[in-house]
Amino acid sequence: KNQVEQSPQSLIILEGKNCTLQCNYTVSPFSNLRWYKQDTGRGPVSLTIMTFSENTKSNGRYTATLDADTKQSSLHITASQLSDSASYICVVSRPSGGGADGLTFGKGTHLIIQP
Amino acid sequence: DTGVSQNPRHKITKRGQNVTFRCDPISEHNRLYWYRQTLGQGPEFLTYFQNEAQLEKSRLLSDRFSAERPKGSFSTLEIQRTEQGDSAMYLCASTPWGARDTGELFFGEGSRLTVL
């Protein structure tokens, strides 16, 4: 069964600290993996996409990694800011189809940055 | 173009009433998705359209739920005889499926439904 598991479920850190969010998946075949940021009461917004051949990609203070062999990804946030408080959702795509099997969503990690 | 637009943003209704949500996707996007999201959970797939054709419906979409995209542009999601378990955020997303598709979903702000 295609699944995406994220950990931790929730995380509280102090402003300025770093943190790492984890995403493990069993989706096969694999096309790409995206991290979305969802602010409270808003729709998710894409942060970064990881394809099979990519190991690391940065977007400002966000750095995503992908290990396609172990089917694991991480999202590292450096020097956290209050505006980083949000849910971070990992979504894994299969090569074909757009329905339930084409995109598998994780439940997200709820991150709270405290001043 | 300002992105995916959903309305109403909030809807409070009594159990048993019907509600309808509207989604206006980004104009050149031919795929449109509906998701449901409850507190602390990731979005759950409901259905999606390629242009005006509804290609797949989730088992979550009971016979009280119906979605349409009559002209391949905006879409509506109707819930008949609402139940308290229908309380959730209903998210719409669009994507330019095809040559220009990168797999990114562009989400609207969502329509939050509260059934009393």
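Residues numbered from 1 in each chain as written. Chains lettered and ligands numbered in written order. Predicted model: local features only at pLDDT ≥ 70, side-chain atom pairs only at ≥ 80, totals over all residues. Heavy atoms only, no water.

Colleague: It is not clear to me how the environment of Pro115 of chain A should be interpreted in this structure. Could you clarify?
Modeller: Residue and element names in this part refer to chain A. Structurally, Pro115 can be placed in the segment after strand 11 (109-114). Given a relative accessible area of 78%, Pro115 falls into the exposed group. With residues near it in sequence (within four places) discarded, Pro115 still touches Leu14, Glu15 and Leu82. (Helix = DSSP H or I, 4+ residues; strand = E, 2+ residues; numbered from the N terminus. Buried < 20%, exposed > 50% of the residue type's maximum accessible area, 1.4 Å probe, protein only. Contact = heavy atoms within 4.5 Å.)

Colleague: Help me out: how do you make sense of unusual backbone geometry in this one?
Modeller: When glycine is set aside, most residues are seen to have a negative phi, and most peptide bonds are trans. In the segment running from Ser28 of chain A into Pro29 of chain A, the intervening peptide bond is cis, with an omega of -10°. Assignment of secondary structure puts Pro29 of chain A in the loop between strand 3 (19-25) and strand 4 (32-38). That bond from Asn7 of chain B to Pro8 of chain B is cis: its omega, -5°, falls within 30 degrees of zero. Tracing the sequence through the fold places Pro8 of chain B in the loop between strand 1 (5-7) and strand 2 (10-13). The residue Lys71 of chain A is not glycine, and still its phi comes out positive at about 60°. Note on placement: Lys71 of chain A falls in the loop between strand 7 (62-67) and strand 8 (72-77). Take Lys71 of chain A: its relative accessible area is 28%, and that puts it in the partly exposed class. Unusually for a residue other than glycine, Ala79 of chain A sits at a positive phi of about 50°. The exposure class assigned to Ala79 of chain A is partly exposed, which follows from its relative accessible area of 34%.

Colleague: Sorry, what's going on with the pattern of salt bridges here?
Modeller: Side-chain pairs of opposite charge can arise whenever the charged atoms involved come near each other. Applying the stated criterion to the full structure yields 8 salt bridges over all chains. For Lys37 of chain A, the salt bridge is made with Asp39 of chain A, and the minimal N-O distance between the two is 3.9 Å. Relative accessible area serves as the criterion here: at 16%, Lys37 of chain A is assigned to the buried category. Residues Lys57 of chain A and Glu54 of chain A are paired through a salt bridge, measuring 3.1 Å at the closest nitrogen-oxygen approach. Classification of Lys57 of chain A by relative accessible area gives partly exposed; the value is 25%. Taken together, the shared-partner salt bridges in this structure form one network comprising Arg64, Glu83 and Asp86 of chain B. (Salt bridge = Lys/Arg side-chain N within 4 Å of Asp/Glu carboxyl O.)

Colleague: I keep staring at the nonpolar core and nothing clicks. Help me out?
Modeller: Side chains of a nonpolar character, in soluble globular proteins, are inclined to be buried together. Of all hydrophobic cores here, the largest spans 24 residues; its most connected members are Tyr25, Leu33, Trp35, Leu75, Tyr88 and Val92 of chain A. Breaking this core down by element, the ones donating at least two residues are strand 3, strand 4, strand 5 (45-51), strand 7, strand 8, strand 9 (86-93) and strand 11 of chain A. Not counting residues within four places of it along the chain, the set of residues in contact with Val92 of chain A comprises Val4, Tyr25, Val27, Phe30, Asn32, Leu33, Gly102, Leu103 and Thr104 of chain A. In this structure, Cys23, Leu32, Phe65 and Ile79 of chain B belong to the second largest nonpolar core, which totals 19 residues. (Core = buried A, V, L, I, M, F, W, Y, C linked by side-chain atoms within 4.5 Å.)

Colleague: Just checking my understanding: could you explain the side chain of Thr95 of chain B for this structure?
Modeller: For Thr95 of chain B, the location among the structural elements is in strand 9 (residues 88-95). A polar side-chain atom of Thr95 of chain B sits 3.0 Å from the main-chain carbonyl oxygen of Glu104 of chain B. (Polar contact = N/O pair within 3.5 Å; in protein donor to acceptor, adjacent residues only side chain to side chain.)

Colleague: Got a minute to help me understand the state of the cysteines in this structure?
Modeller: Two cysteines joined by a covalent bond between their sulfur atoms form a disulfide. Applying the stated criterion across every chain yields a total of 2 disulfides over all chains. Across the disulfide, Cys23 of chain A is cross-linked to Cys90 of chain A (sulfur-sulfur distance 2.0 Å). Judged by the sign of its S-S torsion, about -65°, the bond between Cys23 of chain A and Cys90 of chain A is left-handed. One end of the pair, Cys23 of chain A, is in strand 3; the other, Cys90 of chain A, is in strand 9, with 67 residues separating them in the sequence. Taking relative accessible area as the criterion, Cys23 of chain A reaches 0% and is therefore assigned buried. Between the sulfur atoms of Cys23 of chain B and its disulfide mate Cys92 of chain B the distance is 1.9 Å. Residues Cys23 of chain B and Cys92 of chain B share a disulfide whose torsion about the S-S bond is about -65°; that sign makes it left-handed. (Disulfide = S-S within 2.5 Å.)

Honestly, it's all geometry; don't read function into it.
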